[in-house]
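# Understanding the architecture of this molecule
Spelled out from the first residue to the last, the chains are:
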Amino acid sequence: MDKDTVSIYFVRAALAHLAPDALPAVLRAAGIPAEMLAHRQARVPARAFAALWLAVAQQLDDEFFGLDARRMKVGSFALMCHAVLHCGTLGRALRRCLRSFSVFLDDLHGELAVDGDRAVITLHNHIADPADRRFAEETYLVMVHGLMCWLVGRRIQLAHIAFGHAQPEEAREYRVMYGEELALGAQPPTKQLAAARRDAPKKQTEAPQKIILRTAPPSVFLKYKSTDSWTARVRRRLRRCLGSQAGWPTLDDLAVEFHVAPSTLRRRLEAEGGTYQSAKDDLRRDAAIHHLCHSRLSIAEISTLLGFQEPSAFHRAFKKWTGSQPGEYRALRSDGASAPGAVSARRPPTVQAVLSG
């Protein structure tokens, strides 16, 4: 299984409305040391962020991180999942989902319109603070898309999404969260999201849903990350090299395996905002964080597992990736507490999302 990590940006954004005296307990529940918040390049395991979401929700009694004027009380998202479960098609489920969000939230409202074979969602966002507005839009779209994917039992490929804000440092994260067809800094500020057939039948039933909804919302959307991109394909292939004596294939080697020209593979990766080297680095970074957090392997052993010839090279790479040395990162995690999951004026811009059929 791939060991994903999440940028510390999302951790800090999730904690923004938490009272200072509640912060230590929430971070302890997620297994995230407070010192890590100061490192802009830091990353945490995806399951740690999932535990953080649940812990923040419990502290605030708000599954939407305190971003909206009205709390989205704990259990709201699971109730929404139950509400859409018996819709016969994805289109009807999407309408009910957006209506439910409008009941739970005051400052965001999703409006659905059909444009030919596309379902167009326009998200009206009345949150004034720019940082809160951005994180609210990111969270809202992740929740809507994750719920639709969960309902049909597979990843729904997004055709296009355009954010009004300028390209952030975390733009590469968007490609995993939403898909490859992204536009940033669009004028006027809009979002466009596209997804598969509106008449797709739902796949979930009452019995299996009870388990996954115990830890919703994060359990729903973390399950359906983007796996169809060229970057994801390269990452899956490179993952087989971890711990192998065969060494890493070159871009030319992968091009042969994928039956494309090396220049074509390079262009497709660049179109997704990455390169062969960045895919390899991201994989090794996430694997390193996983082993530092969840294994007893020594740093030298982790270095060898990741294919570094010398531990010193691993130290330099990890420092570049995360802003910390491997030993410092492991020490911070050791100083943290339990494992993740222990606690159970002017009108703002309009956001548009498009789901295609």
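These numbers come from a predicted model, not from an experiment.

What the protein chain contains, in helices and strands, is 16 helices and seven strands. For the protein chain, the proportion of its 357 residues judged to be buried stands at 54%. When the accessible area of the protein chain is evaluated, it comes to approximately 16,200 Å², of which 52% is carbon and sulfur surface.

Quick look at the packing of helix α4 (residues 76-85) against helix α6 (residues 130-152) now. Across the interface, α4 lies against α6 with an axial gap of 11 Å and an inter-helix angle of 45 degrees. Considered as vectors, α4 and α6 are oriented oblique to each other. The handedness of the crossing between α4 and α6 comes out as right-handed. On the side of α4, the interface is formed by Phe77, Met80, Cys81, Val84 and Leu85, while α6 contributes Met143, Leu147, Trp150 and Leu151.

What follows is about the layout of surface pockets. Rolling a probe over the atoms, with the probe sized like a water molecule, indicates the empty space that remains. Here the second largest pocket is characterised by a volume of approximately 210 Å³. Around the second largest pocket, the lining residues are Cys241, Gly243, Ser244, Gln245, Gly247, Trp248, Thr304, Leu305, Gly307, Phe308 and Gln309. For the lining of the second largest pocket, a count of residues per class yields four nonpolar, seven polar and no charged.

This paragraph deals with the confidence of the model for the protein chain. Mean pLDDT for the protein chain: 80, with 77% of residues reaching 70 or above. In this model, residues 188-198 is a region of pLDDT below 50 whose contacts with residues beyond four sequence positions or in other chains number 63 contacts. Scored below 50 in pLDDT, residues 337-357 makes 88 contacts in the model with residues more than four places away or belonging to other chains.

Position of Asp282 relative to the elements: it lies in helix α13 (residues 276-294). On the basis of relative accessible area, Asp282 is assigned to the buried category, the value being 19%. Here Arg285 takes part through its side chain, which lies 3.3 Å from a polar atom of the side chain of Asp282. When sequence neighbours within four positions are dropped, the list of residues in contact with Asp282 reads Arg172 and Arg235.

According to the stated counting rule, one finds eight salt bridges in the structure shown. Measuring nitrogen to oxygen at the nearest pair gives 3.1 Å for the salt bridge that ties Arg71 to Asp61. Residue Arg71 is located in the loop between α3 (46-60) and α4, and its partner Asp61 is located in the loop between α3 and α4; the two are separated by ten residues in the primary sequence.

On to the environment of Ala313, then. Relative to the assigned elements, Ala313 resides in helix α15 (residues 311-322). Here Ala313 falls in the partly exposed class, since its relative accessible area comes to 22%. A C-alpha to C-alpha distance of 8.3 Å links Ala313 and Ser303, two positions ten residues apart in sequence.

Another aspect to go through is the environment of Met72. Mapped onto the fold, Met72 is located in the loop between α3 and α4. Measuring from C-alpha to C-alpha, the distance between Met72 and Asp106 comes to 9.7 Å, with 34 residues separating the pair along the chain. With near-sequence residues (within four places) excluded, Met72 lies in contact with Asp61, Asp62, Glu63, Phe64, Phe77, Met80, Phe101, Phe104, Leu105 and Met143.

If a residue is not glycine, its phi is most likely negative; likewise, a peptide bond is most likely trans. Of note in this structure, Asp61 is not a glycine but carries a positive phi near 50 degrees. Residue classification places Asp61 among the partly exposed positions, given a relative accessible area of 28%. A positive phi angle, close to 65 degrees, is found at Phe65, a residue other than glycine. Tracing the sequence through the fold places Phe65 in the loop between α3 and α4.

Attention now moves to helix α10 (residues 230-239). For α10, the set of buried residues is Trp230, Ala232, Val234, Arg235, Arg237 and Leu238. The inward-facing, buried residues of α10 contact α11 (251-258), α12 (262-271) and α13.

Further remarks concern the packing of aromatic side chains. Under the definition given, this model contains eleven aromatic pairs. Consider the rings of Phe49 and Trp53, whose centres lie 6.3 Å apart with planes at 70 degrees: the pair is edge-to-face. In this pair, Phe49 and Trp53 both sit in helix α3, four residues apart, roughly one turn of the helix. Each ring, one from Trp230 and one from Phe258, has its centre 6.0 Å from the other, and the planes form 70 degrees; the classification is edge-to-face. Residue Trp230 is located in helix α10, and its partner Phe258 is located in helix α11; the two are separated by 28 residues in the primary sequence. Across the pair, Phe258 and Trp230 agree in class, each one buried. Note that Arg284 overlies the ring of Phe308, its terminal NZ or CZ placed 4.0 Å from the centroid.

Attention now goes to the nonpolar core. The biggest cluster of nonpolar side chains holds 83 residues, and the ones touching the most others in it are Leu52 and Tyr140. Looking at which element gives the most residues to this core, the answer is α6, with 13 residues. Among all residues touching Tyr140, those that are not within four sequence positions of it are Phe64, Leu98, Phe101, Leu105, Leu108, His109, Gly110 and Leu123. Counting 15 residues, the second largest nonpolar core, distinct from the first, contains Trp230, Trp248, Ala255 and Leu283.

Criteria and cut-off values
- All chains use their own residue numbering, which begins from 1 and follows the written sequence.
- Two thresholds apply to this predicted model, a pLDDT of at least 70 for residue-level local features and 80 or more for giving and counting side-chain atom pairs, whereas whole-chain, interface and lining totals are computed over all residues.
- In computing side-chain values, all of the structure's heavy atoms are included and hydrogens and water are not.
- Numbering goes from the N terminus for both helices and strands, where a helix is a DSSP run of H or I of at least four residues and a strand is a run of E of at least two.
- Throughout this description, buried means an accessible area under 20% of the type-specific maximum (1.4 Å probe, protein chains only), exposed means over 50%, and partly exposed covers the range between.
- Areas reported here follow the Shrake-Rupley algorithm with a probe of radius 1.4 Å; residue values treat only the protein chains shown as occluding.
- To get an axis, fit a line to the C-alpha atoms, keeping to the stretch in contact for a helix; angles then go from 0 to 180 degrees between the N-to-C directions.
- In this scheme, roughly parallel covers angles under 35 degrees and roughly antiparallel covers those over 145, while 65 to 115 is roughly perpendicular and the rest are oblique.
- By definition, turning the near helix anticlockwise from the far helix through less than a right angle yields a left-handed crossing, and turning it clockwise yields a right-handed one.
- What makes two residues a contact is simply this: any of their non-hydrogen atoms within 4.5 Å.
- Cavities and pockets are defined on a 1 Å grid built over the protein atoms alone: a cavity is a set of grid points where a 1.4 Å probe fits but cannot escape, while a pocket is an open set with protein on both sides within 12 Å along at least five of seven lines, and lining residues are those with an atom within 4 Å of any such point.
- Grid points are joined across faces, edges and corners, and a volume is the space filled by probe spheres set on the points.
- Residues are grouped as follows: nonpolar covers Ala, Val, Leu, Ile, Met, Phe, Trp, Tyr, Cys and Pro; charged covers Asp, Glu, Lys and Arg; every other residue, Gly included, is treated as polar.
- You can read pLDDT as the predictor saying how much it trusts each residue, on a scale of 0 to 100.
- Within 3.5 Å is the distance limit for a polar contact, defined as a pair of N or O atoms, with the added protein rule that one can donate a hydrogen and the other accept it, and that residues adjacent in sequence qualify only through two side-chain atoms.
- The term salt bridge refers to a pairing of a side-chain nitrogen on Lys or Arg with a carboxyl oxygen on Asp or Glu at a separation within 4 Å.
- Aromatic contacts are taken between Phe, Tyr and Trp rings whose centres are within 6.5 Å, Trp giving its six-membered ring; a plane angle under 30 degrees counts as stacked, one over 60 as edge-to-face, and the others as tilted.
- We call a charge positioned above a ring when the Lys NZ or Arg CZ atom is no farther than 6 Å from the ring centre and deviates by at most 35 degrees from the ring normal.
- Only buried Ala, Val, Leu, Ile, Met, Phe, Trp, Tyr and Cys residues count toward a nonpolar core, and they belong to the same one when joined by side-chain atoms within 4.5 Å.

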